[in-house]
Amino acid sequence: MYVLGLAPNASRISIRFWEVGTLGLFARRLAEHAHDFALEPQPWKTAPSAYRVVLATAPHREGSAPKLDDAMSNLVGEFMRAVLTGRPYPRSLLANTLMRIRSDGNLSGLRAAICKGILAREMRLGINIPIHKEEVPVSLDKQSENPGYRLGRLFAVLEAVQRSALGGQVNATIRDRYYGAASATPASVFPVLLRNTQNHLGKLRKDKPGLAVNLEKDIREIVDGLSEQFPRSLRVEDQGRFAIGYYHQAQSRFVKGDAPDAANANDS
């Protein structure tokens, strides 16, 4: 089989890639791609195309759909070539995705899957191995010791506490205000968030004591697995795990109706 990738270049057509292989080879690499991007709960009905993946890094403006012109259009070819060759996905895709999450606060399931796919493939290929040498979890992993993943889970629980306590009175959640700082420089944000959470928990103990107990239990379980001090900063890889941890933890409550709607779980 021969796979040719073309791209428009002014008034001409340029060759983006040219791959040669057997049907079995390409089928295996597509299966590896599906495995790397696998995420639970599954955030799509149909597996996303390369176009949709790159489009997730474009700005989301109110009243209009994102446009590929707003993203790095050459990423489509680079991403597709990585799928066909089994090589690492373009690192710029991770950086662009994290930047978009910080700027518009939209941590969709597809964006979480992009982070997971890039990190999982690099782990499998022996690239950028983290200190804890943990696999990137497909579904909620309460045993994970990765600080980025745990902090993402903690942030989701703190947001759930805020939403549960204030209900429809929330104009802007902690995700809207603090996600970027929390995922990049945790030590500057989490002590403040935890202090504020005590006020919300105090309200919940009066109105919804059972829910307050469950949320406090989640907070203790996550914090007990962290070091005594919050990290001053997180590497890009751990910021990706932060997003995955947030998605997993938020979605674990989604079925109960208590979860933040922020994860925008189903990218259909």
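All values derive from a computational prediction rather than experimental measurement.

(A) View of helix H4 (residues 91–104). Here H4 is 14 residues long and its end C-alpha atoms lie 20 Å apart, about the 20 Å a rise of 1.5 Å per residue gives. Inspection of H4 places Leu 93, Leu 94, Asn 96, Thr 97, Leu 98, Arg 100 and Ile 101 among the buried residues, and these make up the whole buried set.

(B) The environment of Ala 212, seen in detail. Along the chain, the position of Ala 212 falls in helix H9 (residues 209–224). For Ala 212, the residues in contact, after removing those within four places along its chain, are Leu 201, Leu 204 and Arg 205.

(C) Seen up close, the packing of aromatic side chains. In total, this model carries 11 aromatic pairs according to the counting rule given. Look at Tyr 179 and Tyr 246: their rings are 6.1 Å apart centre to centre, the planes differ by 90°, and that puts the pair in the edge-to-face class. With Tyr 179 in helix H7 (residues 174–184) and Tyr 246 in helix H10 (residues 236–254), this residue pair connects regions lying 67 residues apart in the sequence. Each member of the pair, Tyr 179 as well as Tyr 246, is classed as buried. Every member of this aromatic cluster is reached through a ring pair, and the members are Phe 155, Tyr 179, Phe 190, Phe 230, Phe 242 and Tyr 246. Residue placement shows Arg 121 over the ring face of Tyr 89; its charged tip is 4.2 Å from the ring centre.

(D) Inspection of the pairing of strand E2 (residues 12–20) at higher detail. Here eight bridges tie strand E1 (residues 2–9) to E2, and the two strands are oriented antiparallel to one another. By the bridge assignment for E2, Leu 4 is matched with Trp 18. Counting the residues between successive antiparallel strands, the hairpin from E1 to E2 contains two residues, one of them, Ala 10, with a positive phi of roughly 55°.

(E) Main features of the pattern of salt bridges. The full count for this structure, using the stated rule, is 12 salt bridges. Measuring nitrogen to oxygen at the nearest pair gives 3.2 Å for the salt bridge that ties Arg 175 to Asp 176. The exposure class assigned to Arg 175 is buried, which follows from its relative accessible area of 11%. Salt-bridge contacts for Arg 235 lead to Glu 237; the nearest nitrogen and oxygen are separated by 3.6 Å. The partly exposed category is assigned to Arg 235, whose relative accessible area is 45%.

(F) Looking closely at a nonpolar patch on the surface. A cluster of nonpolar residues, Tyr 2, Leu 4, Leu 6, Ile 13, Ile 15, Trp 18 and Val 20, forms a patch on the protein surface that exposes about 820 Å² of accessible area. Among the secondary structure elements, those contributing two or more residues to the nonpolar patch are E1 and E2. With four residues, E2 is the largest single contributor of residues to the nonpolar patch. You can see Tyr 2 is positioned in strand E1. Here Tyr 2 falls in the exposed class, since its relative accessible area comes to 60%.

(G) Examining the packing of helix H6 (residues 147–166) against H7 more closely. Between H6 and H7, the least distance of the axes is 11 Å, while the angle of their chain directions is 160°. Considering the angle they form, H6 stands roughly antiparallel to H7. With respect to the hand of their crossing, H6 and H7 are arranged in right-handed fashion. Across the interface between the two elements, Phe 155, Leu 158, Glu 159 and Gln 162 from H6 touch Ile 174, Arg 175, Tyr 178, Tyr 179 and Ala 182 from H7.

(H) Local environment of the confidence of the model for the protein. Scored by pLDDT, the protein has a mean of 87; 88% of the residues are at 70 or more. Model confidence for the protein, summarised as mean pLDDT per element, is weakest for E1 at 87 and strongest for helix H1 (residues 23–37) at 96. Every residue in residues 257–266 is under pLDDT 50, and counting partners more than four places away or in other chains gives 35 contacts.

(I) Expanded view of the nonpolar core. Core analysis: the biggest nonpolar cluster contains 58 residues, and Phe 155 and Phe 190 have the highest contact counts within it. In terms of residue count, the dominant contributor to this core is H6 (10 residues).

(J) Up close: the packing of H6 against helix H8 (residues 190–207). Two numbers describe how H6 lies on H8: the axes approach to 9 Å, and their chain directions differ by 35°. Handedness of the crossing formed by H6 with H8: left-handed. Between H6 and H8, the contacting residues are Leu 151, Leu 154, Phe 155, Leu 158, Val 161, Gln 162, Ser 164, Ala 165 and Leu 166 on the first element and Phe 190, Leu 193, Leu 194, Thr 197, His 200, Leu 201, Lys 203 and Leu 204 on the second. Grouping the amino acids of the contact of H6 with H8 by side-chain chemistry returns 12 nonpolar, four polar and one charged.

Conventions and cut-offs
Residues numbered from 1 in each chain as written. Predicted model: local features only at pLDDT ≥ 70, side-chain atom pairs only at ≥ 80, totals over all residues. Heavy atoms only, no water. Helix = DSSP H or I, 4+ residues; strand = E, 2+ residues; numbered from the N terminus. Expected span 1.5 Å × (residues − 1). Buried < 20%, exposed > 50% of the residue type's maximum accessible area, 1.4 Å probe, protein only. Contact = heavy atoms within 4.5 Å. Phe/Tyr/Trp six-rings, centres within 6.5 Å; stacked < 30°, edge-to-face > 60°. Lys NZ or Arg CZ within 6 Å of the ring centre and 35° of its normal. Pairing = 2+ DSSP bridges. Salt bridge = Lys/Arg side-chain N within 4 Å of Asp/Glu carboxyl O. Patch = residues over 30% accessible without salt bridge, like charges linked within 9 Å, V, L, I, M, F, W, Y side chains within 5 Å. Areas by Shrake-Rupley, 256 points an atom, 1.4 Å probe, with all protein chains shown as cover. Axes fitted to C-alpha atoms, helices over the stretch in contact; angles between N-to-C directions. Parallel < 35°, antiparallel > 145°, perpendicular 65-115°, else oblique. Left-handed = near helix turned anticlockwise from the far one by under 90°. pLDDT = per-residue confidence, 0-100. Core = buried A, V, L, I, M, F, W, Y, C linked by side-chain atoms within 4.5 Å. Nonpolar A, V, L, I, M, F, W, Y, C, P; charged D, E, K, R; others polar.

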